[in-house]
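Breakdown of the fold
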Amino acid sequence: MKPNSFKRCCRVILGLMLLLPILSIGQENAAEETFTQALAKLKAASTQERGLAIEQLAAVQNPQATVVLKALLDGRLFTLKADDKLVIGEELELDYQISAAENSEKLGTVDRSATQKITLTNSLRTSLRKLIGRLELNDKDAGIRLAAVNAMAKSMDDESLTLLHEHLVAEQDKKVQKAITLILGLEQLNSADQAQRLSAIALLKDQASQAVVNRLNELVDKDAEGHYLEADSDVRNQAEAALAKINSELQVYAAIETLFFGLSLGAVLVLAAIGLSITFGVMGVINMAHGELMMLGAYTTYVIQQLMPNHLGLSLVVAIPAAFIISALVGIIIERGIIRFLYGRPLETLLATFGVSLFLQQTVRSIFSPLNRSVATPEWMSGSLQINDFLSLTWNRLYILVFCLLVFFLLLQILKRTRLGLEVRAVAQNRNMAKAMGIPTGRVDALTFGLGSGIAGIAGVALSQISNVGPNLGQTYIVDSFMVVVFGGVGNLWGTLVAGFSLGLANKFLEPYAGAVLAKILVLVFIILFIQKRPRGLFPQRGRAVEG
Amino acid sequence: MNRLSSKLRTLGIAVTLALVASGANAEDTIKVGVLHSLSGTMAISETTLKDTMLMLIDEQNKKGGLLGKKLEAVVVDPASNWPLFAEKARELLTKDKVSAIFGCWTSVSRKSVLPVIEELNGLLFYPVQYEGEESSKNVFYTGAAPNQQAIPAVDYLMNDLKAKRWVLAGTDYVYPRTTNKILEAYLLSKGVAKKDIMINYTPFGHSDWQSIVADIKKFGSAGKKTAVVSTINGDANVPFYKELGNQGISAEKIPVLAFSVGEEELSGMDTKPLVGHLAAWNYFMSIDTTKNAAFIKQWHDYIKNPKRTTNDPMEAHYIGFNMWVKAVEKAGSTDPEAVQKAIIGVEFPNLTGGTSKMLPNHHISKPVLIGEIQDDGQLLTVWQTNKLIDGDAWSDFLPESKAIIADWTAPISCGNYNTKTKKCSGQNF
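Residues numbered from 1 in each chain as written. Chains lettered and ligands numbered in written order. Predicted model: local features only at pLDDT ≥ 70, side-chain atom pairs only at ≥ 80, totals over all residues.

1. Observations regarding the overall build of chain B
Along the backbone of chain B there are twelve helices and 19 strands. Taken over the C-alpha trace, chain B has a radius of gyration of 24 Å; the compact-globule value for 429 residues is 22 Å, and the two agree within 12%. With respect to the principal axes defined by its C-alpha atoms, chain B has extents near 105 × 55 × 40 Å. A burial count over chain B gives 52% of its 429 residues as buried. Across chain B, contacts joining residues at least 24 apart in sequence account for 67% of those joining residues at least 6 apart. (Helix = DSSP H or I, 4+ residues; strand = E, 2+ residues; numbered from the N terminus. Rg over C-alpha atoms; globule rule 2.2 N^0.38 Å. Buried ≥ 20, exposed ≤ 12 C-beta atoms within 10 Å, placed from the backbone. Contact = placed C-beta atoms within 7 Å.)

2. Observations concerning the environment of Asp376 of chain B
Summarising the element assignment, Asp376 of chain B is placed in the loop between strand E14 (369–373) and strand E15 (379–384). C-alpha separation for the pair Asp376 of chain B and Leu266 of chain B, spaced 110 residues apart in sequence, amounts to 8.9 Å.

3. Points about helix H2 (residues 47–59) of chain A
Residues and elements named next belong to chain A. Counted at 1.5 Å a residue, the expected span for H2 with its 13 residues is 18 Å, and the 19 Å between its end C-alpha atoms agrees. When H2 is considered as a whole, its buried residues turn out to be Arg50, Ala53, Ile54 and Leu57. Along the axis of H2, the buried positions cluster into a sector of 100 degrees, meaning they face one direction only. (Expected span 1.5 Å × (residues − 1). Arc of directions from axis to C-beta.)

4. Notes on the sheet that holds strand E2 (residues 70–76) of chain B
Residue and element names in this part refer to chain B. The parallel open sheet is built from five strands, whose spatial order is E2-E1-E3-E4-E5. If you trace the sheet from one side to the other, it starts and ends with E2 and strand E5 (139–141), each paired once. Averaged over all pairs of adjacent strands, the angle between their axes in this sheet comes to 25 degrees, without regard to strand direction. One ladder, built from four bridges, connects strand E1 (residues 29–35) with strand E3 (residues 100–103); its direction is parallel. Bridging across to E3, Val32 finds its partner in Ala100. The strands touched by helix H2 (residues 43–62) within the sheet are E1, E2 and E3, with E2 carrying the most contacts at an inclination of about 165 degrees. (Pairing = 2+ DSSP bridges. Axes fitted to C-alpha atoms, helices over the stretch in contact; angles between N-to-C directions.)

5. Overview of helix H18 (residues 473–488) of chain A
All names here are of chain A. In this model H18 runs 23 Å from its N-terminal to its C-terminal C-alpha over 16 residues, within 8% of the 22 Å that 1.5 Å per residue would give. Those residues of H18 that sit buried are Leu473, Gly474, Thr476, Tyr477, Ile478, Asp480, Ser481, Val484, Val485, Val486, Phe487 and Gly488. Backbone geometry just downstream of H18 places Gly489 in the positive-phi region, at approximately 105 degrees.

6. So, the interface of chain A and chain B
Each partner contributes to the interface: chain A provides 42 residues, whereas chain B provides 42 residues. Among the elements of the structure, helix H4 (122–136), helix H9 (210–220), helix H10 (233–282), helix H13 (346–368), strand E7 (392–394), helix H14 (395–417) and helix H19 (493–533) of chain A are those that each provide at least two residues to the side of chain A that touches chain B. Take the side of chain A that touches chain B: its biggest share by element is seven residues, from H19 of chain A. Looking at side-chain class alone, the side of chain A that touches chain B contains eleven nonpolar, 24 polar and seven charged residues. (Nonpolar A, V, L, I, M, F, W, Y, C, P; charged D, E, K, R; others polar.)

7. Topic: the packing of H2 of chain A against H4 of chain A
Residue and element names in this part refer to chain A. The contact between H2 and H4 brings their axes to 10 Å, and the two run at 5 degrees. Between H2 and H4, the angle falls in the class roughly parallel. Counted together, Thr47, Arg50, Gly51, Ile54, Glu55 and Ala58 of H2 and Leu124, Ser127, Leu128, Leu131, Arg134 and Leu135 of H4 form the full contact between these two elements. Along the lines of polarity and charge, the residues of the contact of H2 with H4 split into six nonpolar, three polar and three charged. (Parallel < 35°, antiparallel > 145°, perpendicular 65-115°, else oblique.)

8. As for the sheet that holds strand E18 (residues 414–418) of chain B
Residue and element names in this part refer to chain B. What the three strands build is an open sheet, ordered E17-E18-E19; its pairing is antiparallel. Edge positions in the sheet fall to strand E17 (404–407) and strand E19 (423–424), since each of these pairs with one other strand and no more. By the bridge criterion, two bridges tie E18 to E19 in an arrangement that is antiparallel. Each residue of the ladder has a partner; that of Tyr417, found in E19, is Cys424.

9. Observations regarding the pairing of strand E2 (residues 86–91) of chain A
Residue and element names in this part refer to chain A. Pairing geometry for strand E1 (residues 77–80) and E2, over three bridges, is antiparallel. Looking across to E2, one finds that Phe78 is bridged to Val87. Counted between consecutive antiparallel strands, the loop separating E1 from E2 contains five residues, among which Asp84 sits at a positive phi close to 60 degrees.

10. Brief notes about the domain arrangement of chain A
Many analyses report the size of an interface as the accessible area lost when the parts associate. The domain architecture assigned to chain A consists of domain 1 (3–123), domain 2 (156–231) and domain 3 (262–377 + 387–477). Between domain 2 of chain A and domain 3 of chain A, the C-alpha centre-to-centre distance is 53 Å. (Domains from an automatic or database assignment.)

11. Remarks on unusual backbone geometry
Residue and element names in this part refer to chain B. A cis amide bond links Ala410 to the next residue, Pro411, at an omega of 5 degrees. Secondary-structure assignment places Pro411 in the loop between E17 and E18. Of note, Ser80 is a non-glycine position whose phi angle comes to about 55 degrees, a positive value. Residue position: Ser80 is located in the loop between E2 and helix H3 (82–94). According to the C-beta neighbour criterion, Ser80 is buried, with 22 such atoms within 10 Å. The backbone phi angle of Lys162 is positive, close to 55 degrees, even though this residue is not glycine.

12. Points about the domain arrangement of chain B
Residue and element names in this part refer to chain B. By domain assignment, chain B separates into domain 1 (30–144 + 288–369 + 388–398) and domain 2 (150–258). Placing the centre of domain 1 and that of domain 2 at their C-alpha centroids yields a distance of 30 Å. Facing eleven residues of domain 1, the contacting portion of domain 2 comprises eleven residues. Tallied by class, residues from the side of domain 1 that touches domain 2 come to seven nonpolar, two polar and two charged.

13. Focus on the pairing of E3 of chain B
All names here are of chain B. Burial along E3 is two-sided: the residues Ala100 and Phe102 and Ile101 and Gly103 are all buried. When E3 meets strand E4 (residues 124–126), the two strands line up parallel, connected through two bridges. Paired with Ile101 across the bridge in E4 is Leu124.

14. Describing the nonpolar core
As a rule of thumb, nonpolar side chains are buried together in soluble globular proteins. If you look at the biggest cluster of nonpolar residues, it comprises 202 residues, and the most contacted ones within it are Val270, Leu271 and Met294 of chain A together with Leu257 and Trp324 of chain B. Of all the elements, H10 of chain A adds the most residues to this core, at 15 residues. Leaving out residues up to four positions away in the same chain, Trp324 of chain B has contacts with Ala100, Phe125, Val339 and Ile343 of chain B. (Core = buried A, V, L, I, M, F, W, Y, C linked by C-beta atoms within 7 Å.)

15. Regarding the packing of H18 of chain A against H19 of chain A
Residue and element names in this part refer to chain A. The N-to-C vectors of H18 and H19 enclose an angle of 125 degrees; their axes lie 4 Å apart at closest approach. Taken together, the axes of H18 and H19 are oblique relative to one another. Handedness of the H18/H19 crossing: right-handed. Residues Met483, Val484, Val485, Val486, Phe487 and Gly488 of H18 touch H19, and the partners they reach there are Gly495, Thr496, Val498, Ala499, Gly500, Leu503, Ile527, Phe530 and Ile531. Looking at side-chain class alone, the contact of H18 with H19 contains eleven nonpolar, four polar and no charged residues. (Left-handed = near helix turned anticlockwise from the far one by under 90°.)

What follows is the structure, given as structure tokens:
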């Protein structure tokens, strides 16, 4: 370097040093500017532009940026149609409470139709979650930090990795620490040093998660010619040992999961069948409209939810008695209007109730349109109870399982301990004798049928949470219901319970081997064979009354 | 005597004239058959199409009808009962003497109508996306063939979302089975390994998805990007998506691309667990063109409910009906034979900004759109073909139909023509 140019260099550096304080002020302004620019760019039509804007926002050191990004992810970021202003909206009953995106200044309320939502695609959502994760890594709440770490893990890059490394030192919470070490352990496997990798495997062995299994599988995989992909045999053997340990754990989880699936399918079957086991089992009425009574229950849930749109959870609770009453009333009308003239003539009853079922379906079509209705699921019923990475139980199924048992035991108590129950059993056992004892059999018939129908209505409320609410809802379940009742033994509530759960379990244990279609067929064939052997089902009624 | 006979003659003439006049009166309208289920399982989808047809016919009458005559809709209800479709089609053609039938939804209903419509030489416009492998002289397929929906959708998943593992999940009947057969052949030809494809069928109206969704989750968490291509039909979709949401499978992790879920189906679902999942169609209600805005407004005015959605099969009927109108005008008559000849090559602007054309194989050209489901039940376009795609009746990816084409213009005039052996098999479906 020539001395001359050296001098010039020095001068430039000196000049730069002098400029520094001015520059840093300029930087602040610049940050402010990028923030506003990025906000403006969020309104762009192209997904790419919006993606860039999101990254810019995340890079700006501005707490407001986090607020905007979160609002965007939650679908609460809008532009006003009138002046194209970017606002954050909070949902009120009919309109939005809005505040300015750049400084959260309250701007009052606007009508929903006056706003245009900033739309997101999957790729934008993934990048948003990652970026928000980075910003939230220093949150006070350990739960948020954990979620942040997990969000970052989903799309790992070098920047996130350095951030996590730095953060691990400061992290106090055990769970978050564990999550970070797991991610870092997975990264450590990529290291060039054998000792590092072996220690990583030892660490990962005790932290079974899907990511670990995948990574370990990669280590023991062979290529098309049968050569191992992993050159280092020590690492490979360790990985194999670790996998064997994890896999034995996994088998236990898989068994528990299938058991749960079977029980929850069984619960749905029992709920659908239990009303029928009263009308068909106890009264001997083949009620083809049973499915439609469930459908009425489901529609009641829909109507009640429409009436109280802001209390999702409560509306579901209210729907239970309401559905019971409506279905029971319709049931009583059917019984008094049609069925009572047909006692002792099962074929005619079958035809008549089949007609009733078509009538009810078409009525619902005329009132509510043939389209399905959407019944929302309350927050506490969606998602799943995450036990670990391999085992999670869905909340709605858990609730329905509990609900099914509650309904069952309640019904059992009604039949055992109330006067109505006593009369029902008396009429079922010997109608003439009961009549001679002064029991008003006509009234008891109506009430029994109402009770069975009401229970069907309650089942409809539960079904509305896992299935379609539409005119065809009943048809889907009617065959299954009859199957359960006949298999369990006509006239026996316990039989229905046991039959429902065993059919559910059989179905779910067969499904992985045979596929859904074949599993269903196999279960049906099994029932046919079983009925050949024991025509009265699992728990047949005994005694003279049956013969008569 | 003479007088009497002349009187009688006058009377006779008068009577004949009256008869002719009344006959002419009946001839004053052109009858259009609407063959959609208004009750039973399929009423959920088909009722809307019946209303769409009535709206289109109404609109055409306001414009002065067709060939100087008014159009008259003859609506029948085949009640989701497949054999009844054939009976009703026969009734429409022989008793009501309709000039064209617009109808059917499921493939099985179309297959049941086909022999009748070929025997009586009627016209059927079929508005729903289907599995292809068919081209009848008497049927016009205004819905998508597999190469206008399934293949581009898979391309999108492969190229844009970089999917490496595939779940083909469908309901167990002819459309999903054939579509998945085509897709599997296509994926294998693109170098996807057999172990990276999982095919799963479920019965109609399947409601317990726990094990299958758990399987998909396991299959999809093996480290490679996984996508689900769903040909799950109708009612089974709600419990399927609910289970996906509850088991924590988000669209970002494992996107599900559906061929049978549109705006209408979405309006009956709780959309929370669905946001971000995909659907492939040739039309979305959210498409921003003036034609579409006018169509939506017309629909809302007609049905008197501003919340009703429009969907892909409705657009198919819109295009099909207008193509038929143009063909009748071109032919100057409603005679099926003349219309069949005239309609080939007829162009009509579709609602998404392009101009669809009736091709010699009785399919039409359409754009392919892929949308992400938004929480308001609309589909946001994330990808679309840059030009219209011509419908291909016989898939090029199945070995048995590779060499087969359909061309109803001279000199081939055949729905199943083998380009290798130069023979027309006559087996059109």
